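# Observations on the model geometry
Residue-level listing of the chains:
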Amino acid sequence: MSELVVKLDASEIARIETAMKAAGERAHDGIRRAINWTGDRAKTKVVSALTAQTGLKRGTILRAVKPTRANFTALIY
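Residues numbered from 1 in each chain as written. Predicted model: local features only at pLDDT ≥ 70, side-chain atom pairs only at ≥ 80, totals over all residues. Heavy atoms only, no water.

### Side note on the packing of aromatic side chains
- Under the defined criterion, the tally for this structure stands at zero aromatic pairs.
- Above the plane of the ring of Phe-72 lies Arg-32, whose end atom (NZ or CZ) is 4.4 Å from the centre. (Phe/Tyr/Trp six-rings, centres within 6.5 Å; stacked < 30°, edge-to-face > 60°. Lys NZ or Arg CZ within 6 Å of the ring centre and 35° of its normal.)

### Focus: helix α1 (residues 11–23)
- Taking 1.5 Å as the rise per residue, α1 with 13 residues should run 18 Å; its terminal C-alpha atoms sit 19 Å apart, in good agreement.
- Just downstream of α1 lies Gly-24, where phi reads positive at about 65°. (Helix = DSSP H or I, 4+ residues; strand = E, 2+ residues; numbered from the N terminus. Expected span 1.5 Å × (residues − 1).)

### Considering the side chain of Arg-32
- Tracing the backbone shows Arg-32 in helix α2 (residues 27–54).
- Filtering out sequence-adjacent residues up to four positions away, Arg-32 remains in contact with Ala-70, Asn-71, Phe-72 and Leu-75. (Contact = heavy atoms within 4.5 Å.)

### Description of the pattern of salt bridges
- Under the definition given, this model contains four salt bridges.
- Notably, a salt bridge pairs Arg-32 with Asp-29, separated by 2.3 Å at the nearest N-O pair. On the criterion of helical spacing, the pair formed by Arg-32 and Asp-29 is a turn pair, its members being three residues apart in helix α2.
- According to the relative accessible area criterion, Asp-29 is partly exposed, its value standing at 29%. (Salt bridge = Lys/Arg side-chain N within 4 Å of Asp/Glu carboxyl O. Buried < 20%, exposed > 50% of the residue type's maximum accessible area, 1.4 Å probe, protein only.)

Structural data, given as structure tokens:
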């Protein structure tokens, strides 16, 4: 039987925590912007892939793919 070994380097988590504390109230805005930026990049890839896979026009796919962007009340894309 195989053994699974997991190693965790918590130094990166501590660095992120320090940055979040330094940002204070502005951290929420930065997280929201990062989520939307990443989500928009993923949407672009999804639209490209669906256009190639389905053979539909890009405009049709764009009208069908409607993400909900992160906002000040919900950090969900």
